[in-house]
Amino acid sequence: MDYVAPTTIEDAVGALSSTPESRVFAGATDLIPQIRSGRPEPGLLVDLKRIERLTAVTEGANAWTIGAAAPTSLLTEDPGFSNQFPGLSEAAGLIGSDQIQNRSSLGGNLCNASPAADSVPAMLVNEARAVVATAGGTRTVGVGEIATGPGRTSLAPGEFIVEFEVDKPPAHSGDAYLRMTPRTEMDIAVVGVGVRITLDADGNCAEARIAVGAVAPTARRVADAEAALVGQPINDDTLAAVARAASAACDPIDDKRGTIAYRKQVTGVLAKRAVTIAAARAAGEDTENAATTNGAH
Amino acid sequence: MSRTHINCTINGDQTDFLSESGGSLLNALRDDVGLMGVKEGCGTGDCGACSVLMDDRVTCACLIFAPEAEGRTIVTIEGLANADELHPLQQCFLEGAALQCGICTPGFLMAAKALLDKNPHPTETEVRYALAGNLCRCTGYDKIIRAVLDAAEGMRASAQTGDAA
Ligand SMILES: Cc1cc2nc3c(=O)[nH]c(=O)nc-3n(C[C@H](O)[C@H](O)[C@H](O)COP(=O)(O)OP(=O)(O)OC[C@H]3O[C@@H](n4cnc5c(N)ncnc54)[C@H](O)[C@@H]3O)c2cc1C
Ligand code: FES
Ligand code: FES
């Protein structure tokens, strides 16, 4: 394997088009284990981390821009970011150990296209957009359009993600991400649920966004669960409806880490809990880091 | 495989070496630079035995391609002690019997150093989370956690008396 570390997007695009067997990477925390387990080696490794724009995390007037190769530790260390996106920050903070988070990126998490990638439901509920570098310039697509199935993406050969744009939430909004893993740390989600809630002046739900991970070939929004909340108060009845809709949206696998019935039931439970946490945040109530206090990791 | 010339700072010394461009920093440090304190447990990011600091952040050397080290500052276990004087973490691991076979120890020490560098006053829970990426098959974690808490306490005490560790 050869290695290059371009410093501009144009040079990276050029390197990718000059070698057909080339592969971009950021933290290599998915790539190296995959090569070690016998997946074919790329001919050319294109390291994205020397391109400044790809590792920057910046706050704009209306949105944050997160470099696709920025280490996810930047999203948990910056209080400005984690106060506005506690759920997305928590999801980033669940990716492996400190050693992994100092390398792992949102671009890699999304483009590795594992159905269980923790940051993806949290990006979906924040309607993050991916800026994609192509031979002709860049195009911007919704994060939900990138992964098409386990290990597969809609990116054409030679394309890569430059950065993610995430609009700042409206007033009285809050997000949350919860996952279920057999172990507390260093484990892959059996179920993951991301939620963003916006409340109206009466404390009813004005907007709901709910996404599930690890229970279908790709993470997905659950329109029925969202519809069960909009215009409604958040109470036992509406939470029960959310849980039913979230469970019904699952199309999970059956394996030793969780049966289909188990994954469906846990999805409903986590959806209720995540809605409750997101709504409390939207109401301005103090919530501790949901990921480490809720007993559901 | 092609070999690449790599320049970086390792344990304070400007170092250059030749390494396989698709090889890991772990193999480069052991085989090309001769730093055998960096251990390989799994090679896939799960055990933390290969933990080193790169630009002050703890990372798994097994998940870094060797040429990524170009221009970076790397600290391995060999750079932890101050000449003949052990780092307080090393001293506390010794005194607290926080090791048995020792293969996990360099990784635990580097991860613990990264923690104490940014948080001199960690709680037990914070220590446990910070070391969640390090596995030990022999000692049991309690002695390791206690050694890190003891070292933190000792370092705070000597920082206060001006006798910086
Ligand atoms: C010990 C361990 C624990 C882990 N725990 C978790 C966990 O709890 N939750 C979780 O979700 N994941 C976990 N992971 C998986 C991994 O760390 C994450 O998916 C991480 O976010 C991947 O990011 P990366 O930058 O390291 O990806 P890389 O390995 O660099 O890349 C992954 C894939 O994405 C492609 N790619 C990377 N960047 C881009 C880009 N900008 N544009 C297009 N394609 C790109 C690469 O070509 C490659 O195919 C774990 C991994 C390890 C080793
Ligand atoms: S050898 Fe690197 S984490 Fe195990
Ligand atoms: S002392 Fe043997 S693995 Fe930790």
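These figures come from a predicted structure and were not determined experimentally.

### Describing the overall build of chain B
Then step 1. Looking only at helices and strands, chain B has five helices and five strands in total.
Then step 2. The order of helices and strands in chain B, counted from the N terminus, is β-β-α-β-β-β-α-α-α-α.
Then step 3. Since a compact globule built from 165 residues should have a radius of gyration of about 15 Å, the 16 Å found for chain B is in line with a globular shape.
Then step 4. Here chain B holds 165 residues, and the buried ones make up 49% of them.
Then step 5. Long-range contacts, defined as pairs at least 24 residues apart, comprise 53% of the intrachain contacts of chain B with a sequence gap of at least 6.
Then step 6. Averaging the locations of the 12 positively and 22 negatively charged side chains of chain B gives two centres separated by 6 Å.

### Describing the packing of helix α11 (residues 236–248) of chain A against helix α12 (residues 260–282) of chain A
Residue and element names in this part refer to chain A.
Then step 1. Packing of α11 against α12 brings their axes to within 8 Å, and their N-to-C directions diverge by 140 degrees. Here α11 lies oblique to α12, going by the angle between them. Note on packing geometry: the crossing formed by α11 with α12 is right-handed. Here L239, A240, V242, A243, A246 and S247 of α11 lie close against α12, whose contacting residues are K264, Q265, T267, G268, A271, K272, V275 and T276.

### A look at α11 of chain A
Residues and elements named next belong to chain A.
Then step 1. Given a rise of 1.5 Å per residue, 13 residues ought to cover 18 Å, and the 18 Å separating the end C-alpha atoms of α11 matches this to within 8%.
Then step 2. Along α11, the residues that are buried comprise T238, L239, A241, V242, A243, A245, A246 and S247.
Then step 3. Elements in contact with the buried residues of α11: β13 (205–213), α10 (223–227) and α12.
Then step 4. Capping of α11 at its N-terminal end is provided by N235; its side-chain oxygen lies 3.0 Å from the backbone amide nitrogen of D237.

### Concerning the domain arrangement of chain A
Often, the extent of an interface is quoted as the loss of accessible area upon association of its parts.
Residue and element names in this part refer to chain A.
Then step 1. In terms of domain boundaries, chain A breaks down into domain 1 (2–167) and domain 2 (173–293).
Then step 2. Computed from C-alpha coordinates alone, the two centres of domain 1 and domain 2 are separated by 24 Å.
Then step 3. Facing 23 residues of domain 1, the contacting portion of domain 2 comprises 28 residues.
Then step 4. Summing both partners gives a buried area of about 2,000 Å² for domain 1 against domain 2, and 59% of it is carried by carbon and sulfur.
Then step 5. Interface area lost by domain 1 to domain 2 is led by E90, L94 and V125, which between them contribute 31%.
Then step 6. In this structure, the connection of domain 1 to domain 2 is made through four salt bridges.
Then step 7. Put simply, domain 1 and domain 2 have 11 residue pairs in polar contact (both at pLDDT 80 or more) between them.
Then step 8. For the side of domain 1 that touches domain 2, the elements supplying multiple residues, two or more each, are α6 (86–93), α9 (119–125) and β8 (147–149).

### Re the sheet that holds strand β12 (residues 191–199) of chain A
Residue and element names in this part refer to chain A.
Then step 1. Read across the sheet, four strands follow the order β11-β12-β13-β14 without closing on themselves; strand pairing throughout is antiparallel. Edge strands, defined here as strands with exactly one partner in the open sheet, are β11 (173–180) and β14 (220–221).
Then step 2. Here β12 runs beside β13; their pairing, made up of eight bridges, is antiparallel. Across the sheet, residue G192 finds its bridge partner in β13, namely G213.
Then step 3. Sitting on the sheet, α12 touches β11, β12 and β13, and the angle it makes with β11 is about 150 degrees.

### So, the packing of helix α2 (residues 88–95) of chain B against helix α5 (residues 141–160) of chain B
Angle between the axes and distance between the axes are the two parameters that describe a pair of packed helices.
All names here are of chain B.
Then step 1. Following both chains from N to C, one finds α2 and α5 inclined at 135 degrees, their axes separated by 8 Å at the closest point. As summarised for this structure, α2 and α5 are arranged oblique, according to the angle between their axes. The two elements α2 and α5 meet at a crossing, and its hand is right-handed. On α5, the residues that touch P88, L89, C92 and F93 of α2 are I144, A147, V148, D150, A151 and M155.
Then step 2. Classifying every residue of the contact of α2 with α5 by side-chain character gives nine nonpolar, no polar and one charged.

### So, empty space enclosed by the protein
Residue and element names in this part refer to chain A.
Then step 1. Per the counting criterion, the structure on display carries one cavity of 30 Å³ or more.
Then step 2. A volume near 100 Å³ is recorded for the largest cavity.
Then step 3. Contributing to the lining of the largest cavity are 13 residues, with L110, V120, A147, T218 and A219 lying nearest its centre.
Then step 4. Counting contributing residues per domain, the lining of the largest cavity is built from domain 1 (2–167) and domain 2 (173–293), each supplying no fewer than three.

### Concerning the confidence of the model for chain A
Then step 1. In the predicted model, chain A carries a mean pLDDT of 94, and 96% of its residues have values of at least 70.
Then step 2. In the predicted structure, residues 292–297 of chain A sits below a pLDDT of 50 and forms 17 contacts with residues beyond four places in sequence or in another chain.

### Section: α5 of chain B
Residue and element names in this part refer to chain B.
Then step 1. Between the first and last C-alpha of α5 there are 29 Å, a value that for 20 residues agrees with the 28 Å anticipated at 1.5 Å per step.
Then step 2. Listed in full, the buried residues belonging to α5 are I144, I145, A147, V148, A151, A152 and S158. Viewed end-on, α5 has its buried residues packed into an arc of 160 degrees, placing them on one side of the element. Turned more than 90 degrees off the buried face of α5, the exposed positions are E153 and Q160.
Then step 3. Looking at the buried side of α5, the elements it contacts are α2, α3 (105–118) and α4 (124–130).
Then step 4. A positive backbone phi angle near 80 degrees is found at G162, which sits one or two residues after α5.

### Some points on the domain arrangement of chain B
All names here are of chain B.
Then step 1. When its domains are assigned, chain B resolves into domain 1 (3–79) and domain 2 (88–160).
Then step 2. Of note, the centres of domain 1 and domain 2, computed from C-alpha atoms alone, are 22 Å apart.
Then step 3. With 13 residues of domain 1 at the interface, the matching set in domain 2 holds 12 residues.
Then step 4. Buried surface at the junction of domain 1 and domain 2, summed over both partners, amounts to about 1,000 Å²; 70% is from carbon and sulfur atoms.
Then step 5. Here the residues of the side of domain 1 that touches domain 2 sort into six nonpolar, four polar and three charged.

Rules of the game
- Residues numbered from 1 in each chain as written.
- Chains lettered and ligands numbered in written order.
- Predicted model: local features only at pLDDT ≥ 70, side-chain atom pairs only at ≥ 80, totals over all residues.
- Heavy atoms only, no water.
- Helix = DSSP H or I, 4+ residues; strand = E, 2+ residues; numbered from the N terminus.
- Rg over C-alpha atoms; globule rule 2.2 N^0.38 Å.
- Buried < 20%, exposed > 50% of the residue type's maximum accessible area, 1.4 Å probe, protein only.
- Contact = heavy atoms within 4.5 Å.
- Lys, Arg positive; Asp, Glu negative; His and termini not counted.
- Charge placed at Lys NZ, Arg CZ, Asp CG, Glu CD.
- Axes fitted to C-alpha atoms, helices over the stretch in contact; angles between N-to-C directions.
- Parallel < 35°, antiparallel > 145°, perpendicular 65-115°, else oblique.
- Left-handed = near helix turned anticlockwise from the far one by under 90°.
- Expected span 1.5 Å × (residues − 1).
- Polar contact = N/O pair within 3.5 Å; in protein donor to acceptor, adjacent residues only side chain to side chain.
- Domains from an automatic or database assignment.
- Buried area = accessible area lost by both parts, 1.4 Å probe.
- Salt bridge = Lys/Arg side-chain N within 4 Å of Asp/Glu carboxyl O.
- Pairing = 2+ DSSP bridges.
- Nonpolar A, V, L, I, M, F, W, Y, C, P; charged D, E, K, R; others polar.
- 1 Å grid on protein atoms, 1.4 Å probe; cavity = no way out; pocket = protein on both sides within 12 Å on 5 of 7 lines; lining within 4 Å.
- Points joined across faces, edges and corners; volume = space filled by probe spheres on them.
- pLDDT = per-residue confidence, 0-100.
- Arc of directions from axis to C-beta.

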